[in-house]
Amino acid sequence: MKKTQEISEKKLLGIAGLGWMFDAMDVGILSFIIAALQVDWNLTGKEMGWIGSVNSIGMAVGAFVFGLLADRIGRKNVFIITLLLFSVGSGISAMATTLSFFLLLRFFIGMGLGGELPVASTLVAETVPAEKRGRVVVLLESFWAAGWLVAALISYFVIPKFGWQMALILSALPAFYALYLRVNLPDSPRYLAVAKKERLTIKESIAEVWSKEHFRRTAMLWILWFSVVFSYYGMFLWLPSVMVMKGFTLIKSFQYVLIMTLAQLPGYFTAAWLIERAGRKFVLVVYLIGTALSAYFFGTADSLALLITAGVLLSFFNLGAWGALYAYTPEQYPTTIRGSGAGMAASFGRIGGIIGPLMVPYLSAQNLSITAIFTIFCIAILIGAAAVFFWGTETKQKELA
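Now for a look at the structure at hand. Small disclaimer: the values here were computed from a predicted structure and weren't measured.

**Comments concerning the overall build of the chain**
The helix and strand tally for the chain stands at 17 helices and 0 strands. By the compact-globule yardstick of 21 Å for 401 residues, the chain fits well, its C-alpha radius of gyration being 20 Å. Counting across all 401 residues of the chain, residues that qualify as buried make up 59%. In the chain, the proportion of contacts linking residues at least 24 apart, taken out of those at least 6 apart, comes to 86%. Accessible surface, the chain as shown: approximately 15,000 Å² in total, 70% of it carbon and sulfur.

Right, here's the structure in full:
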């Protein structure tokens, strides 16, 4: 029985992780495509910022809509719909010839991405035993690093020779395989058991998330999500371009970002090891403080060695914090509103993902230095850490309601 359970957990982790990896490939490749499109389509800094922000607008809408739907039609159904939306949109975007059409497709791709991630972590959290739950969800999030690594490799070897269109096609095709695997995936047993007894309307779900019982946890999560997403998309979507601003060629920036991306994996693995030992709050607070300090030193770096060191630490701490965030979020709510609560928190966070990428070119146009811009990200992350420290409750190895 134990062996069967372990195999099913591994299967679930693999199937969910594949979709997570292809999502990360898309987001990772997008950061390189933005830099390539600037050359091909002669884009301004503000237009480049809008590519990342429209993606986040879609993610905000997707997280909200599909989070609520997950409590109505099930985790598995939403899991399939969101990946289909992402896969088709990503493939078609390779044929885009205008910025407006590309932005429209990025919105729908973002909806798929934004809806899938919180629902995937909810499905895994509800299926895995309490003593393993945090570790397994963080390991699920580690597929994001693998996707970024593949994105960096594709961007380094494919974009310069074959163009950004081929990179998008390569990111979309494997996602259909993950879609095929999901069709036979069982839904969350916890959701199925609860859905038979009680299923709230969408209006009731929203009200319950902000009820007196859950108000403090919801407020804490929304602040945390906003600060993490704002800083992540503001910094990581601009990494290749920031490297160019600091005097490196586009090809060289690909190499350096590849090195930084490799640091994401030990960030996840250490967070996965610590989360069931030291707890969710400890991992979140420590890794967010590490992210803030790394962001500050990346912005102030004036040498290649310091730039790469700060970038490596930024990747290590930031992605470890992301893993803990996805493990922590579903644990804040009972099964009846878990999809809604996680989706709404992620949706509010995506507003930060809209502002972050837009803020960099706008502030740069006002002659604000990269140092000052990254200091803003540093402060935002520290606010998120403070919200967890003062308002967060520890959920390590607690059974889900």
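**Examining the pattern of salt bridges**
This model, assessed by the stated rule, comprises 7 salt bridges. Among the ionic pairs, D26 bridges to R106, the shortest N-O distance being 2.5 Å. Placement of the pair is D26 in helix α1 (residues 2-40) and R106 in helix α4 (residues 99-127), with a sequence separation of 80 residues. The same class applies to D26 and to R106, which are both buried. In this structure, E276 and R280 form a salt bridge, with 3.0 Å as the shortest nitrogen-oxygen distance. In the salt-bridge network here, residues are joined through shared partners; they are D71, R75, E126 and R338.

**Digging into unusual backbone geometry**
Unlike most non-glycine residues, N42 shows phi in positive territory, near 55 degrees. For N42, a relative accessible area of 65% gives the class exposed. Look at N367: it is not a glycine, yet its phi comes out positive at around 65 degrees. Looking at the secondary structure, you find N367 in the loop between α16 (338-365) and α17 (370-391).

Parameters and conventions
- Residues numbered from 1 in each chain as written.
- Predicted model: local features only at pLDDT ≥ 70, side-chain atom pairs only at ≥ 80, totals over all residues.
- Heavy atoms only, no water.
- Helix = DSSP H or I, 4+ residues; strand = E, 2+ residues; numbered from the N terminus.
- Rg over C-alpha atoms; globule rule 2.2 N^0.38 Å.
- Buried < 20%, exposed > 50% of the residue type's maximum accessible area, 1.4 Å probe, protein only.
- Contact = heavy atoms within 4.5 Å.
- Areas by Shrake-Rupley, 256 points an atom, 1.4 Å probe, with all protein chains shown as cover.
- Salt bridge = Lys/Arg side-chain N within 4 Å of Asp/Glu carboxyl O.

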